[in-house]
Amino acid sequence: VQVMMATLSVMPAAQPAEPKDVPARVLLAQYPGVYPVLFRLACTRAAITVRAAAVHLLMLLPTEPTVHAELTRLLTPEPGPPPASTNMTHVSRALVEGSPVSLLYLLQVLDGLLRPANALCDVATATAHARRFQRLGGMRLLLDALRPERFARQRADATTCRGCFVSGIHLLQLMLFGNLAEPTPAPGLPRVAASPEGATATSGAIEEEEGSQARDGKGREGSAQDSHGARPGGSREERMTEDDMDALESPSDADMHLAVEMLQWVTWQVATGRLATIGGKDHAQGAAAAEMTTDGGDERDPGDGGGTGLSLPGDDVQLCKDALALLLALLETRPRVLEAWLQGGDLEVYLVDVLVRCGDVGVRDGLMRGLQRLAALRAPDAAAGSTPRAALLRVLRAPSARAEAEAEAAQCQEYFGLLTELLRGPFAESEELVVAQQALEEELRGLPVAPPAEEESDHRLTGRLTLIVTLLQALDGRGTSPPQTAGLVELLVHDMLFPEAAVVARERPIQVVDRAGVHARCRTKSSRCAAFDLLIELANQSVTNLQLLAELLMRLHYSERPEMCEWEHLPAYTPRPPGGFVGLRNAGATCYMNSVFQQIFMQPTIRGRMLAAPPPPDVEDAPRSESVFYQLQALMGGLLGSSQDHYSPHGFWQAFKDYDGQPVNVHEHQDAFEFFTRLQEQVDSHCTKEKQPGVLEPVIGGKFAQQIISRSCPHRSEREEDFSGLSVDVRNKRTLEESLSSYVQGDLLEGDNQYFCEGCKQKVDAVRRACIKALPHTLVVQLKRFEFDYNTMLQNKIKDRFEFPQRLDMRPFTVEGLAAKERIDSGSGAETSASPEAAAHSAAPTPELEPSRPDSYYEYELVGVVVHSGTAFAGHYYSYIRERDADAERRGAGAEGRGWHRFDDRLVEPYDLSQLERDCFGGKYVAEHWDASVGGLLEENARANRWFLGMLANRNATWLRQFLVKCPAQDVRTLFAHVVVHALRCAVAQGFGTPPTGPVEHVVVALVALLLECPGGRGCHSAALLWVVAEYARIGRAQRAHLLHHHALGALVGVLQRAYGEQVARLSLTGHELEHAHVCISLLMRQCTLAQVLERDEAVGKPNPYQMEGPKLPLPQAVNMRVLTGKHYLAVLLDVAKKEAVEHPEALRSAELLLKFCCWESGRYSAMVLQEVQERLYHAHTSDVLPVLHSLQGILLLPDELQRSRVQYVLATPPQQSSFQEGGGVRPVGVMNILTSGRTPPAKRYTIFKWMVGLIVGGQLPAMQEALGVYRMEWKAVVDWLSEDIAKYTLTDSPSVAGIEFDDSTGVGMGGHLAGGERERTLLNAREVWASLDGAPVDAP
């Protein structure tokens, strides 16, 4: 390098050229001394960023002119004797002894001169240069320059090492094969600019100012015309011909051995991630900064490696692949070199490191495929056992190599793949056959103890099974005996694939069930497929094996068990995660069950008691299918031992009955604590009946002490009560401790409510309270977040913040804790306290303390939370549960590994306890949406969609009937319905659904036919069918016309008639199954003209705003409109419309729209609707008044010509329109009559009165104020009644303060149940209405 630097130092100073249109790199190269400075900085021991920046600039500048000239002169053939040795000596010294940066610079310059892809030379010139370089010993010089110890000695950084090896491998490729494919640029570095004289190189230079690089990717292309003149010819895509390649002299075997050593070392270092440590620790730490500074290769996703090994950067991966490809090509073409390589002492370690430990799957796969090609080579005179195949088998089958492969579960796929190919056969020599038989014996011997495949990334068991299949095929029955293969069949069926079925069928002893449950050894898709392939191969080779396999499968899966149903196991199941828990299926609204089940299961004592209890006998009058206890046992067993990700408690849904004795409605939301209480009662009553130890009560059961403590005498009474949970208030409470303190505070009994003391035989002041006498092992606390609002007459949910600790001391709320507090209070003069218990205890002697218990008895640790997210009418339950010590030990995690989990139906996932406070005050609820697995196919491929719809309508619509109506599994029906609707929508978008033609026509005909078959009523699975029809009607007018054309409206009427019969009006008509029927009827009727049926003139008045868009369609004559416009169906619509919007929003909205549509400008139908509503209002209980008023308000606010008449009809005033006189029947009681009747409960009277005042004062219904003119005195009477009621019941006298609940039957006024400000506002507004009616001034309230 001193020679080179001396040459650079005497370079004459060049005059800077004019800067006009000259790139910055060229201007920089023109100044003297720039190259020596950059070389010194690049070789300095300064910061890595400084060295990297200097190298980067060197590569951007044009080639140093003197270096370029010397190398060109050396490589150009000259007549006469060979060139002076000093020239080659200078180059050799620079390559072998120079710094790593100098080596990199020279290698890139040589690469440019020896390859025709460079702009400086064509193919002929490059071939001459390459031949000259090889004749001068260039290959040996190159190998000496790339010796590994040289980089370690000179402490080269990873980026420079990588660049040197990339350029060196390109040159070796040229020397060995003449392969002049486009080279890979040096990672992290741009190519050296090709022009030797920067002042003339402008057009092809790296123009950094414009941000562009040369077309070969790293600025390697130089000027198209430079100081050497124009390029002689040829394009960049030219390659050497075979003659050109022959002109290169073949390297010696010694050089080939050196090349193999170097290439193996490079691949070895890069594959194991040790390239960055060649130059020492400092350079390894600075490698990342160097690559960032030098604009290195793209970042690589650590997951790309496909395994657990070290992830490689993208540049290292490409270098490793290039070196590996050259190594394998060299070995493939040089048999003697290959033979020596296979006999190397470090071959096993090398193959294991690259084939197994390398983190990049592409490198591992490349080595596997290359070794497969080498194994296929065979010299004609090769002796047995000396072939590449035999040598590789010896290495790969070595115990140490196999152990290393087994240790890398995620990266051993290529190892097993190569071993499988090597043993595939045929076996030409007897030695090879012996090796294959030995390998089969070893694999069969190790299969029973092989680790299970729990994750798809674990390839060990899959590889072993595939290898056994290959060996059996290659040996064709040799090496195995019938008993051995029969045992293998049983092992695969009983242990690998179906251990659960083997236990159920009593073919596997129950003692083999480990503590973690029964799980198949093959749990991944790939391992199960490999096991099935092995069974097929065993059956193909032996009829005995085939018979045995068929017999086993029949016994395990096709036995006569009537409780089994093919619908129970759905494709939605996935394997249970290793060491994880099992979720529960939600049948529609059973999340409240699931959250409770998981809490019970995760309590080890309860779970152990439940599973240890003897199951109830299966007798005819009390079958197990009807036993809640047995079904809960089955559920616990499923959660403990299932190998699937979730369990479906079908049996429990059928066994658990509602209050009417029917199976619980799985589509109806219920309260989780209420369900828990009922479940506890049924389970423990079964234990009592069977004289067995209790299951739940001994764990969660405690005892209350109901105490009455006298203030003036020493007497007190106490009565014990059992409890299984504490219900504490949330309203106006901040913490659980505060609510518990209020719970045990008690009530003061004095005045008229004094307590009669049996000891004193007189009434005395006393305190009545409830406290805890015996604490349970596990304390269940219910937060009362649901309450009934008497103003709105609706159930509400309290969403206020309520804190609870992770550790709770219950001593202050127990009998002994309160007694201790009494002693302290009495000794400290606390008799002046105003609290009820303090007042009582000031005069009453304190009792003896309870026996002392340890502090641990009172201390509780939070282990589970049941969360409700949503409203009081609908929502979602899920649980947070802390894993107990027993479960942590069962999973092998130990007590210190226990953690929290979130149990949300099927989903079970770890939970961060630090988020508990945020998530337990309102929670979170993620709705589960349908994931259309075939949606993309149906959307993108019209032919596939047409075929699918055509297939649905074929064979008498068998698929539609089976999957929409007959299938007993609700989730199957729902999923299939979504697929059908998605296909119909896609058909419309694809052009063959509007107008409906072809398969869409056939599907709609089939759907209407199924409606005609549907029996209706409870037990009919019609919801999915009706939903499909309703969703098709939603698409557009053409689809509604299509349904009407095929008499779908008449079919829907038939469904209603069959479901409800003649007594439609008084049945449960709003069930889940028929919800979508009302939606579809509303859509179809509002598309038609009903002028003749409803006796209205649609040509006059305002347009009906509730009519569907588009032209009106004629009403089909076959429809029985007497049903749809009669009183029976009207009652149905009103029942639907009075439901809360959160429960059935679609049916509610559709019923309201249809009612308004039919009432618009129709006096007859309006009179019929108002008559029915007023009858309901008259007979309604107070809690049912608001929904009825809601329906009435919607009809009264219709802005058509009949609005005034409707108001008059409701007030019992003769309406102006004569059509209202034809409503038929007895005129109902008017609203004013209800208000003035003494039989109307006060709460109901106030609710109706407040509603009327709001409509008038809010200006929503001016017609009502006008119609009240004839009811002035009645209105005044109601105003006076409300004024007297307010005066009689003040807020302080409110009976609710004493905890008395309101009941209409008591005749108590509304004063105690309404906020004072609200009552006064209502009264004031009512007085204003009276003043406007009478013309008198408003009196003060």
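Analysis parameters
Residues numbered from 1 in each chain as written. Predicted model: local features only at pLDDT ≥ 70, side-chain atom pairs only at ≥ 80, totals over all residues. Heavy atoms only, no water. Helix = DSSP H or I, 4+ residues; strand = E, 2+ residues; numbered from the N terminus. Areas by Shrake-Rupley, 256 points an atom, 1.4 Å probe, with all protein chains shown as cover. Buried < 20%, exposed > 50% of the residue type's maximum accessible area, 1.4 Å probe, protein only. Expected span 1.5 Å × (residues − 1). Contact = heavy atoms within 4.5 Å. Phe/Tyr/Trp six-rings, centres within 6.5 Å; stacked < 30°, edge-to-face > 60°. Lys NZ or Arg CZ within 6 Å of the ring centre and 35° of its normal. pLDDT = per-residue confidence, 0-100. Pairing = 2+ DSSP bridges. Axes fitted to C-alpha atoms, helices over the stretch in contact; angles between N-to-C directions. Salt bridge = Lys/Arg side-chain N within 4 Å of Asp/Glu carboxyl O. Parallel < 35°, antiparallel > 145°, perpendicular 65-115°, else oblique. Left-handed = near helix turned anticlockwise from the far one by under 90°. Nonpolar A, V, L, I, M, F, W, Y, C, P; charged D, E, K, R; others polar. Patch = residues over 30% accessible without salt bridge, like charges linked within 9 Å, V, L, I, M, F, W, Y side chains within 5 Å.

### Some words on the overall build of the protein chain
Then, number 1: The secondary structure content of the protein chain amounts to 59 helices and 20 strands.
Then, number 2: Here the protein chain has roughly 60700 Å² of accessible surface; of this, 52% comes from carbon and sulfur atoms.

### A word on unusual backbone geometry
Then, number 1: Unlike most non-glycine residues, Lys691 shows phi in positive territory, near 55°.
Then, number 2: Of note, Lys691 is situated in the loop between α32 (672-689) and α33 (697-700).
Then, number 3: Residue Lys691 is classed as exposed on the basis of its relative accessible area, which comes to 78%.
Then, number 4: One non-glycine residue, Glu1161, lies in the positive phi region at around 55°.
Then, number 5: In this structure, Glu1161 sits in the loop between α51 (1145-1159) and α52 (1163-1179).

### What about helix α13 (residues 253-271)?
Then, number 1: With 19 residues, α13 extends 26 Å from end C-alpha to end C-alpha; this agrees with the ideal 27 Å at 1.5 Å per step.
Then, number 2: Following α13 by one or two positions, Gly273 has its phi on the positive side, about 75°.

### Overview of the side chain of Asp316
Then, number 1: Locating Asp316 in the fold gives a position in helix α15 (residues 314-333).
Then, number 2: By relative accessible area, which is 8% here, Asp316 ends up buried.
Then, number 3: Those residues in contact with Asp316 that lie beyond four places of it in its chain are Arg162, Val270 and Leu275.

### A short note on the packing of aromatic side chains
For any pair of aromatic rings, geometry is given as the distance between the ring centres together with the angle between the planes.
Then, number 1: Following the criterion strictly, the structure yields 22 aromatic pairs and no others.
Then, number 2: The residue whose ring lies beneath Arg607 is Phe601, and the NZ or CZ to ring-centre distance is 4.7 Å.
Then, number 3: The ring of Tyr659 is capped by Arg678, whose NZ or CZ atom sits 4.5 Å from the centre of that ring.

### Side note on the environment of Ala158
Then, number 1: If you trace the backbone, Ala158 turns up in helix α11 (residues 158-177).
Then, number 2: Each C-alpha atom, one on Ala158 and one on Asp316, is 9.9 Å from the other, the two residues being 158 residues apart in sequence.

### Some words on the confidence of the model for the protein chain
Then, number 1: A residue-level look at the protein chain finds 72% of positions with pLDDT of 70 or above and a mean pLDDT of 75.
Then, number 2: Taken as a whole, residues 180-242 scores under 50 in pLDDT and shows 163 contacts with residues more than four places along the chain or in a different chain.
Then, number 3: Contacts of residues 281-308 to residues separated by more than four positions or lying in other chains number 58 contacts, the stretch itself having pLDDT below 50.

### Quick word on the sheet that holds strand β19 (residues 900-904)
Then, number 1: With antiparallel pairing, four strands are arranged side by side in an open sheet as β17-β18-β19-β20. Either end of the sheet is taken by a strand with one partner, and the two such strands are β17 (864-870) and β20 (907-911). Between one strand axis and the next, the sheet turns through 25° on average, direction left out of account.
Then, number 2: Two elements, strand β18 (residues 875-882) and β19, share four bridges in a ladder whose sense is antiparallel. Along β19, the bridge assignment pairs Arg882 with Trp900.
Then, number 3: Strands β17, β18 and β19 of the sheet are contacted by helix α28 (residues 591-601), whose axis makes an angle of about 10° with β18.

### A word on helix α26 (residues 525-541)
Then, number 1: Here α26 is 17 residues long and its end C-alpha atoms lie 25 Å apart, about the 24 Å a rise of 1.5 Å per residue gives.
Then, number 2: Close packing links the buried residues of α26 with α23 (460-475), α24 (482-497) and α27 (543-557).

### Side note on the pattern of salt bridges
Pairs can form between side chains of opposite charge whenever their charged atoms are close.
Then, number 1: In this structure the tally under the stated criterion is 44 salt bridges.
Then, number 2: Here Glu442 and Arg397 are joined by a salt bridge, their closest N and O atoms 3.0 Å apart. Placement of the pair is Glu442 in helix α22 (residues 430-446) and Arg397 in the loop between α19 (388-396) and α20 (399-407), with a sequence separation of 45 residues.
Then, number 3: On the accessibility criterion, Arg397 (22% relative accessible area) is partly exposed.
Then, number 4: For Glu421, the salt bridge identified is with Arg424, shortest N-O distance 3.0 Å.
Then, number 5: Residues joined in a network through salt bridges with shared partners are Arg402, Glu406, Glu443 and Arg464.

### Let's talk about the pairing of β19
Then, number 1: Along β19, five of the five residues are buried, which leaves the element largely enclosed by surrounding structure.
Then, number 2: Residues Trp900, Arg902 and Asp904 of β19 are buried on one face, and the alternating residues His901 and Phe903, pointing to the opposite face, are buried as well.
Then, number 3: Alignment of β19 against β20, held across five bridges, turns out to be antiparallel. Within β20, the residue paired with Phe903 across the bridge is Val908.

### A word on the packing of α19 against helix α21 (residues 413-422)
Then, number 1: Across the interface, α19 lies against α21 with an axial gap of 10 Å and an inter-helix angle of 140°. Taken as axis vectors, α19 and α21 run oblique relative to one another. Once α19 is placed against α21, the crossing between them reads as left-handed. On α21, the residues touching Arg389, Leu392, Leu393 and Leu396 of α19 are Tyr415, Leu418, Leu419 and Leu422.
Then, number 2: Residues of the contact of α19 with α21, tallied by class, amount to seven nonpolar, no polar and one charged.

### Focus on the sheet that holds strand β11 (residues 766-774)
Strand pairing in a sheet takes place through backbone hydrogen bonds and is either antiparallel or parallel in direction.
Then, number 1: Here we have four strands laid out as an open sheet, ordered β6-β5-β11-β8, and antiparallel in their pairing. Looking along the sheet, the strands with just one partner apiece sit at the ends: β6 (716-723) and β8 (747-749). Within this sheet the neighbouring strands show an average axis-to-axis angle of 30°, counted without direction.
Then, number 2: Relative to β6, strand β5 (residues 702-710) is paired through eight bridges, and the arrangement is antiparallel.

### A closer look at a nonpolar patch on the surface
Then, number 1: On the surface, Val37, Leu41 and Val50 cluster together into a nonpolar patch covering about 210 Å² of accessible area.
Then, number 2: Residue classification places Leu41 among the partly exposed residues on the basis of a relative accessible area of 35%.

### Observations concerning the pairing of β5
Then, number 1: Of all nine residues that make up β5, seven are buried, and the element is covered over most of its length.
Then, number 2: Joining the antiparallel neighbours β5 and β6 is a turn of five residues.
Then, number 3: Sheet topology note: the β5/β11 ladder contains eight bridges and is antiparallel. Residue Ser710 lies in a different strand from β11, and its bridge partner there is Ala766.

### Considering the environment of Val503
Then, number 1: Mapped onto the elements, Val503 comes out in helix α25 (residues 499-504).
Then, number 2: Val503 sits in the buried class, given a relative accessible area of 13%.
Then, number 3: C-alpha separation for the pair Val503 and Val518, spaced 15 residues apart in sequence, amounts to 8.4 Å.

### Points about the environment of Leu41
Then, number 1: Position of Leu41 relative to the elements: it lies in helix α3 (residues 34-43).
Then, number 2: Put simply, Leu41 and Ala54 are 13 residues apart on the chain and 6.0 Å apart in space, counted from C-alpha to C-alpha.

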